[in-house]
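Per-entry structural report
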Amino acid sequence: MKIKNIENLLIIVNSGMDKPYNQYASYAIAFAAKKIHKIPDVTVYYGPLGVEMVKKGNLEKLEFSADLKKLIADQFEGLNPEDLPDDLEQMARYVKDVFGVKICSCATFHVVSGFATTLEDATNIEDFIIRMNIPDAAEAALKADKILYF
């Protein structure tokens, strides 16, 4: 089932490790948007208060327990708990590689937060994250048909 008139979904995650449910929810929505609702363009974007999540190792800290895998899998036809990854970093890589979900963050806030020295500095950032500058981030928000905030 395709959601009517949504071709471009932007999921803004503007929270960090203090709100792990926002992190899980953003990827559950991205997964469902691509797999079930067939939305062509889905982006998870880490905003100013969420950029800490793109630091190497932070997404990996949010694990999927066996109980959580079962709870999630039971909600999707044909999905088994063992099909799910062990942590949110693996989930991010999965939705990126299998479904083409773009995962981005604002490089300006990498510098402001102190874990990058320049906009191009990716030393402490997960390798699958697309670093955006402010004009690109603004464009992503302005061209989205639907924006969800977590």
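Look up: the structure comes first, before these words.
Attention here is on the structure that accompanies the text.

The next thing to look at is the side chain of Glu126. Structurally, the position occupied by Glu126 is in the loop between helix H4 (107-113) and strand S4 (130-132). A distance of 2.8 Å separates a polar side-chain atom of Glu126 from the backbone nitrogen of Gly57. For Glu126, the contacting residues outside a window of four places in its chain are Val54, Lys55, Lys56, Gly57, Glu89 and Arg93.

By the definition in use, this model includes seven salt bridges. The salt bridge involving Lys69 is made with Asp86; its shortest N-O contact spans 2.6 Å. A residue pair is termed long-range when its members are at least 10 positions apart, and Lys69 in helix H2 (residues 66-73) and Asp86 in the loop between H2 and helix H3 (88-99) qualify at 17 residues. Under the relative-accessibility criterion, Asp86 is labelled partly exposed at 45%. Linking Lys96 and Asp97 is a salt bridge whose minimum nitrogen-to-oxygen distance equals 3.2 Å. With relative accessibility at 57%, the residue Asp97 sits in the exposed group.

Right, let's get into the sheet that holds strand S2 (residues 41-46). Pairing is parallel across the open sheet formed by five strands, whose spatial order is S4-S3-S2-S1-S5. The open sheet has two free edges, formed respectively by S4 and strand S5 (146-149), since each of these has just one partner strand. Going from strand to strand, the sheet's axes swing by 25° on average, the running direction of each strand aside. Pairing of S2 with strand S3 (residues 102-106), which is carried by four bridges, proceeds in the parallel orientation.

With that out of the way, let us pick up the pairing of strand S1 (residues 8-13). Side chains on a regular strand alternate between the two faces of the sheet. The buried fraction of S1 amounts to six of the six residues, a majority that puts the element mostly inside the structure. Relative to S2, S1 runs parallel, the two being bridged by six bridges. Residue pairing across strands places Ile12 opposite Tyr45, the latter belonging to S2. In this view, the connection linking S1 to its parallel neighbour S2 by way of helix H1 (residues 20-35) has right-handed handedness.

Of the volumes computed, that of the largest pocket is approximately 270 Å³. What lines the largest pocket is a set of 16 residues, and nearest its centre among them are Tyr24, Ala25, Ala28, Leu68 and Ile72. Breaking the lining of the largest pocket down by element, the ones donating at least two residues are H1, H2 and H3. With six residues, H1 is the single largest residue contributor to the lining of the largest pocket. Classifying every residue of the lining of the largest pocket by side-chain character gives 15 nonpolar, one polar and no charged.

Turning next to the environment of Gln23. Relative to the elements of secondary structure, Gln23 occurs in helix H1. With a relative accessible area of 0%, Gln23 lands in the buried category. Once the C-alpha coordinates of Gln23 and Val13 are considered, the two residues, 10 residues apart in sequence, prove to be 7.3 Å apart. Sequence-distant contacts of Gln23, that is, excluding residues within four places in its chain, are made with Val13, Ser15, Gly16, Tyr46, Met53, Leu62 and Leu88.

Procedures and definitions
Residues numbered from 1 in each chain as written. Predicted model: local features only at pLDDT ≥ 70, side-chain atom pairs only at ≥ 80, totals over all residues. Heavy atoms only, no water. Helix = DSSP H or I, 4+ residues; strand = E, 2+ residues; numbered from the N terminus. Polar contact = N/O pair within 3.5 Å; in protein donor to acceptor, adjacent residues only side chain to side chain. Contact = heavy atoms within 4.5 Å. Salt bridge = Lys/Arg side-chain N within 4 Å of Asp/Glu carboxyl O. Buried < 20%, exposed > 50% of the residue type's maximum accessible area, 1.4 Å probe, protein only. Pairing = 2+ DSSP bridges. Axes fitted to C-alpha atoms, helices over the stretch in contact; angles between N-to-C directions. Right-handed = clockwise from strand over helix to strand, strands pointing away. 1 Å grid on protein atoms, 1.4 Å probe; cavity = no way out; pocket = protein on both sides within 12 Å on 5 of 7 lines; lining within 4 Å. Points joined across faces, edges and corners; volume = space filled by probe spheres on them. Nonpolar A, V, L, I, M, F, W, Y, C, P; charged D, E, K, R; others polar.

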